[in-house]
Amino acid sequence: MWNFETEPAFRDRLDWMAAFVREEIEPLDYLFPKDETYNVDNEALMAIMAPLKARVRDAGLWACHLPAELGGGGWGQLKLALMNEILGRSFFAPTVFGTAAPDTGNAEILAHFGNPAQKERYLKPLLDGDIVSCFSMTEPQGGADPKVFTARAVRDGDGWILQGAKWFASNARWAEFLIVMAVTDPEVSIYKGASMFLVPTQTAGVEFVRNAGMAFEQPEHGAHAYLRFNDVRLGNGDLLGNPGDAFRIAQTRLGGGRVHHAMRTVGLARRAFEAICERVQSRTTQGEVLAHKQMVQAEVADLWMEIEQFRLFVLQTAWKIDRFNDYKLVRQDIAAAKVLSERVMVSAARRAIHLHGALGVSNEMLFGEWLLWGYALGLADGPSEVHQITVAKEALGQVAPTDELFPSAHVPGGARRVAERYRRELALPGHRRGWLDRAG
Ligand SMILES: Cc1cc2nc3c(=O)[nH]c(=O)nc-3n(C[C@H](O)[C@H](O)[C@H](O)COP(=O)(O)OP(=O)(O)OC[C@H]3O[C@@H](n4cnc5c(N)ncnc54)[C@H](O)[C@@H]3O)c2cc1C
């Protein structure tokens, strides 16, 4: 059964969210840099966000990504997609609604793989939005190829010693704890020989070399840590899951995380689109508003089509996740949504910049940040090329090669194959392709 309608009761919730995000949360984008949303030491921002978070809780919409048993609404991915496309309009909205990455994914893996003590210590405050967390896998010498990872944890009595370096560990500077991937068995492939550790950020030996920022940010605002682990002593209770589980754990997290980014991208791209529509109907050149220029109309039309196609694809992906309840069965769709997120966001931000003229490239609009964010979407959680490979492999796996000299869509061969089936009909008069007589 196909249905594109939203139940009235849920529609009401979406309408409430949409108005709340526009009126109460989007203004925060004009007051604070986006990564500050994780800065638990920013008293001004925390004081503004606390009552907003309370209103979200009162509305029963806190942590809407979570299943009911973890305190969320248990809405499922399709409804979450409809909610996330609203929350994606502002970088602050996911924090106010308790659905901010990477904490959401980190909570998911703690819920799946954490022991009771780990859940008590980390999961509960994370779900309540009281602390921030960090997922640290990428290393300075390579992110897209885990085979080059060298951070190492070695057994030491009843614990472990962690050594090595990590790179671009988002929000580590504000995080209560880091989830760190380290090699524990170098004799086997990293996919079987890496383990995940929960490392409290204040542990002796955790060194912040520096915090890298995004292109426009001043060094003091960088949120992506270059970390060094200098003989960090960890207990057995700091191991998440079993030794060798790191990739199984990472996949649990990344599948959901990628599609949630895609859902939010719909929202931010739509916000850029709205800004374009307002501007081109307000700005006059050569005696008419920009919106009357056909080349401007083409930009508006193309972006609208890109966003709407993308949105339908993301909604279908979410629907499949709910339907099959197994990320592996939807991996092609999730990979495609990840690749499209970058393309759509870059396209939306680029057009917004261009159609706003000099104002568009200036630091008085947010479009430059959004453009860079679009490019970041093509890197975070793996570069687009790696996901294109997934899409292609899944597609190629659906079609067998042929041993024939000519492809199966070759017209002479096709005519030959069906000629026998329609022998009687083809004897009747009628125009037909000449290949039938000549097919050898
Ligand atoms: C905003 C942001 C936040 C991030 N947050 C985190 C975080 O919290 N924790 C964490 O661990 N990491 C994080 N990362 C790191 C991210 O996972 C890596 O950037 C990503 O995996 C790519 O690794 P790399 O940067 O080392 O690029 P490289 O591996 O050096 O790749 C560079 C380029 O080479 C090409 N390439 C790479 N592999 C292939 C291939 N197989 N086929 C074809 N071309 C290829 C692509 O063009 C790619 O962009 C974040 C990144 C960004 C941008």
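Residues numbered from 1 in each chain as written. Predicted model: local features only at pLDDT ≥ 70, side-chain atom pairs only at ≥ 80, totals over all residues. Heavy atoms only, no water.

**So, the overall build of the protein chain**
At step 1: Secondary structure assignment for the protein chain yields 16 helices and 10 strands.
At step 2: Here the protein chain, with 440 residues, has 47% of them falling under the buried criterion.
At step 3: Counting contacts in the protein chain only where the partners sit at least 6 residues apart, residues at least 24 apart contribute 71% of the total.
At step 4: Carbon and sulfur atoms make up 54% of the accessible area of the protein chain, which totals about 22900 Å².
At step 5: In the protein chain, which carries 48 positive and 54 negative side-chain charges, the distance between the mean positions of the two groups comes to 7 Å. (Helix = DSSP H or I, 4+ residues; strand = E, 2+ residues; numbered from the N terminus. Buried < 20%, exposed > 50% of the residue type's maximum accessible area, 1.4 Å probe, protein only. Contact = heavy atoms within 4.5 Å. Areas by Shrake-Rupley, 256 points an atom, 1.4 Å probe, with all protein chains shown as cover. Lys, Arg positive; Asp, Glu negative; His and termini not counted. Charge placed at Lys NZ, Arg CZ, Asp CG, Glu CD.)

**Considerations on the pattern of salt bridges**
At step 1: Under the defined criterion, the tally for this structure stands at 25 salt bridges.
At step 2: Ionic pairing is found between Lys-124 and Asp-128, a salt bridge with its closest N-O pair at 3.6 Å.
At step 3: Linked through salt bridges whose partners overlap, the residues forming this network are Arg-22, Glu-26, Asp-29, Arg-89, Arg-271 and Glu-274. (Salt bridge = Lys/Arg side-chain N within 4 Å of Asp/Glu carboxyl O.)

**Digging into the side chain of Lys-338**
At step 1: Positionally, Lys-338 belongs in helix 10 (residues 331-355).
At step 2: As a buried residue without a salt bridge, Lys-338 has its nearest oppositely charged side chain in Asp-381, at a separation of 6.2 Å.

**Quick notes on the side chain of Thr-184**
At step 1: Its place among the elements puts Thr-184 in the loop between strand 4 (177-183) and helix 7 (190-193).
At step 2: A polar contact is formed between the side chain of Thr-184 and the side chain of Ser-195, at a distance of 2.6 Å.
At step 3: In this view, Thr-184 contacts Arg-152, Ala-153, Trp-160, Gly-193, Ala-194, Ser-195, Phe-197 and Gly-244; residues no more than four positions away in its chain are not counted. (Polar contact = N/O pair within 3.5 Å; in protein donor to acceptor, adjacent residues only side chain to side chain.)

**What to know about the site of the ligand**
At step 1: The environment of the ligand is formed by 17 residues, the closest being Phe-135, Met-137, Thr-138, Gly-143 and Glu-385.
At step 2: Within the side chain of Ser-170, an N or O atom sits 2.8 Å from a nitrogen atom of the ligand.
At step 3: A total of 970 Å² of accessible area belongs to the ligand in isolation, and the protein chains cover 65% of it.
At step 4: Those elements that place two or more of their residues in the shell around the ligand are strand 1 (133-136), strand 3 (159-170) and helix 13 (384-397). (Near = heavy atom within 4 Å.)

**As for helix 5 (residues 103-113)**
At step 1: Burial within helix 5 is extensive, with eight of its 11 residues counted as buried.
At step 2: Considered for burial, the residues of helix 5 that qualify are Asp-103, Thr-104, Gly-105, Asn-106, Ala-107, Ile-109, Leu-110 and Phe-113.

**Brief notes about the pairing of strand 2 (residues 152-156)**
At step 1: Relative to strand 3, strand 2 runs antiparallel, the two sharing five bridges. Bridged to Asp-156 within strand 3 is Gly-159.
At step 2: Counting the residues that bridge the hairpin from strand 2 to strand 3 gives two residues, and of these Gly-157 lies at a positive phi of roughly 60 degrees. (Pairing = 2+ DSSP bridges.)

**Comments concerning the packing of aromatic side chains**
To describe a pair of aromatic rings, one takes the distance between the centres and the angle between the planes.
At step 1: Applying the stated criterion to the full structure yields 11 aromatic pairs.
At step 2: Taking the centre distance of 5.4 Å and the plane angle of 45 degrees together, the rings of Phe-10 and Trp-75 count as tilted. Of this pair, Phe-10 sits in helix 1 (residues 8-25) while Trp-75 sits in the loop between helix 2 (43-58) and helix 3 (77-87); the two residues are 65 residues apart in sequence, bridging distant segments of the chain.
At step 3: Look at Phe-20 and Phe-97: their rings are 5.9 Å apart centre to centre, the planes differ by 75 degrees, and that puts the pair in the edge-to-face class. With Phe-20 in helix 1 and Phe-97 in the loop between helix 4 (93-96) and helix 5, the pair connects residues that are 77 residues apart, well separated along the chain. The pair Phe-20 / Phe-97 is uniform in exposure class, with both members buried.
At step 4: One Lys or Arg, Arg-57, reaches over the ring of Trp-62 and ends 4.1 Å from the middle of that ring.
At step 5: One residue, Lys-166, lies across the ring of Phe-149, its end atom 4.9 Å from the ring centre. (Phe/Tyr/Trp six-rings, centres within 6.5 Å; stacked < 30°, edge-to-face > 60°. Lys NZ or Arg CZ within 6 Å of the ring centre and 35° of its normal.)

**Describing the nonpolar core**
At step 1: Within the largest apolar cluster, 92 residues are counted, with the highest numbers of intra-cluster contacts made by Ile-25, Phe-97, Met-181, Met-196, Leu-240 and Trp-370.
At step 2: Tallying contributions element by element places helix 8 (residues 246-282) first for this core, with 15 residues.
At step 3: What Phe-97 contacts, discounting residues up to four positions off in sequence, is Trp-16, Met-17, Phe-20, Val-21, Ile-25, Val-56, Leu-61, Trp-62, Ala-63, Cys-64 and Leu-87.
At step 4: Membership of the second largest hydrophobic core comes to 19 residues, among which are Ala-153, Val-180, Phe-229 and Val-232. (Core = buried A, V, L, I, M, F, W, Y, C linked by side-chain atoms within 4.5 Å.)

**Some remarks on helix 13**
At step 1: Helix length check: helix 13, at 14 residues, gives a terminal C-alpha distance of 20 Å against a target of 20 Å (1.5 Å per residue), a fit within 8%.
At step 2: Those residues of helix 13 not exposed but buried are Ser-384, His-387 and Thr-390. Down the axis of helix 13, the buried set is contained in an arc of 120 degrees. They therefore lie on one face. Those residues of helix 13 that are exposed and angled more than 90 degrees off the buried face are Glu-385, Lys-393, Leu-396 and Gly-397. (Expected span 1.5 Å × (residues − 1). Arc of directions from axis to C-beta.)

**Considerations on the packing of helix 1 against helix 2**
At step 1: Relative orientation of the contacting elements helix 1 and helix 2 amounts to 175 degrees, with a least axis distance of 12 Å. One way to sum up the angle between helix 1 and helix 2 is to call them roughly antiparallel. Contact with helix 1, carried on its side by Trp-16, Phe-20 and Glu-24, involves Leu-52, Arg-55 and Val-56 of helix 2 and no other residues of that element.
At step 2: Here the contact of helix 1 with helix 2 is composed, by residue class, of four nonpolar, no polar and two charged. (Axes fitted to C-alpha atoms, helices over the stretch in contact; angles between N-to-C directions. Parallel < 35°, antiparallel > 145°, perpendicular 65-115°, else oblique. Nonpolar A, V, L, I, M, F, W, Y, C, P; charged D, E, K, R; others polar.)

**A closer look at the environment of Leu-162**
At step 1: As for its position among the elements, Leu-162 is in strand 3.
At step 2: Residues Leu-162 and Asp-231, 69 residues apart in the sequence, show an inter-C-alpha distance of 5.4 Å.
At step 3: Other than its neighbours up to four places away in sequence, Leu-162 contacts Arg-152, Ala-153, Val-180, Ala-182, Val-199, Phe-229, Asn-230, Asp-231, Val-232 and Leu-234.

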